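Structural characterization, general
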Amino acid sequence: TVYTFIKRTVPPPALLVFDASNRDQCEVVRSKTATPLQALVLLNDPQVLEASRVLAEKFVADKRSDKEKLGDIFRLIVCRRPENKELTLLENYLVKERQEFARNPQRAAGFITAGEFRKNEILDKTETAAFMQLIHTIYNLDESGNKY
């Protein structure tokens, strides 16, 4: 978040989980920790789900191949190109998620409602949900989370 209202007496809990400064004093070096709470925030926070949906909608609307899309998604989040083995795992995971959401379209429709940012109603809900789940998974990689 670029702009967040921070109340000195009650800082945002999600930011504290990711070692945000307490704003009472100047910190030259921030501490870095890795805790299960960070994983829980990334898995359940509505802002992370919304970010996953918005990015998924961008790539679902793109007409390139899945391999090209997955390479770009991975690079955007992890800041490096995926290795061939990683790309194969992502492709297989996307196929599996497509099948899961195709079997349960109500779940797909519910999953993509996360957040307040306007939704692209034109896109296929199953495809959007599958990409959203894949992006959400990449956000939860250790390699992605250590950048916070």
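In this text, all values refer to a predicted model and were calculated from it rather than measured experimentally.

All right, on to the packing of helix α3 (residues 46–61) against helix α4 (residues 66–78) then. Contact geometry for α3 and α4: axes closest at 11 Å, N-to-C directions at 150 degrees. Of the possible angle classes, the one that applies to α3 and α4 is roughly antiparallel. Once α3 is placed against α4, the crossing between them reads as right-handed. Seen from α3, the contacting residues are Leu-55, Phe-59 and Val-60; seen from α4, they are Lys-69, Asp-72, Ile-73, Leu-76 and Ile-77. Tallied by class, residues from the contact of α3 with α4 come to 6 nonpolar, no polar and 2 charged.

Across the interface, helix α5 (residues 84–103) lies against helix α7 (residues 125–139) with an axial gap of 8 Å and an inter-helix angle of 135 degrees. Taken as axis vectors, α5 and α7 run oblique relative to one another. The two elements α5 and α7 cross, and the hand of that crossing is right-handed. Contact with α5, carried on its side by Leu-90, Tyr-93, Leu-94, Glu-97, Arg-98, Phe-101 and Ala-102, involves Thr-126, Glu-127, Ala-129, Ala-130, Phe-131, Gln-133, Leu-134, Thr-137 and Ile-138 of α7 and no other residues of that element.

To describe a pair of aromatic rings, one takes the distance between the centres and the angle between the planes. The full count for this structure, using the stated rule, is 1 aromatic pair. An angle of 25 degrees between the planes, with centres 5.6 Å apart, marks the rings of Phe-101 and Phe-111 as stacked. Placement of Phe-101 in helix α5 and of Phe-111 in helix α6 (residues 105–111) is noted, with a sequence separation of 10 residues between them. Phe-111 carries the same exposure label as Phe-101, and that label is buried.

Procedures and definitions
Residues numbered from 1 in each chain as written. Predicted model: local features only at pLDDT ≥ 70, side-chain atom pairs only at ≥ 80, totals over all residues. Heavy atoms only, no water. Axes fitted to C-alpha atoms, helices over the stretch in contact; angles between N-to-C directions. Helix = DSSP H or I, 4+ residues; strand = E, 2+ residues; numbered from the N terminus. Parallel < 35°, antiparallel > 145°, perpendicular 65-115°, else oblique. Left-handed = near helix turned anticlockwise from the far one by under 90°. Contact = heavy atoms within 4.5 Å. Nonpolar A, V, L, I, M, F, W, Y, C, P; charged D, E, K, R; others polar. Phe/Tyr/Trp six-rings, centres within 6.5 Å; stacked < 30°, edge-to-face > 60°. Buried < 20%, exposed > 50% of the residue type's maximum accessible area, 1.4 Å probe, protein only.

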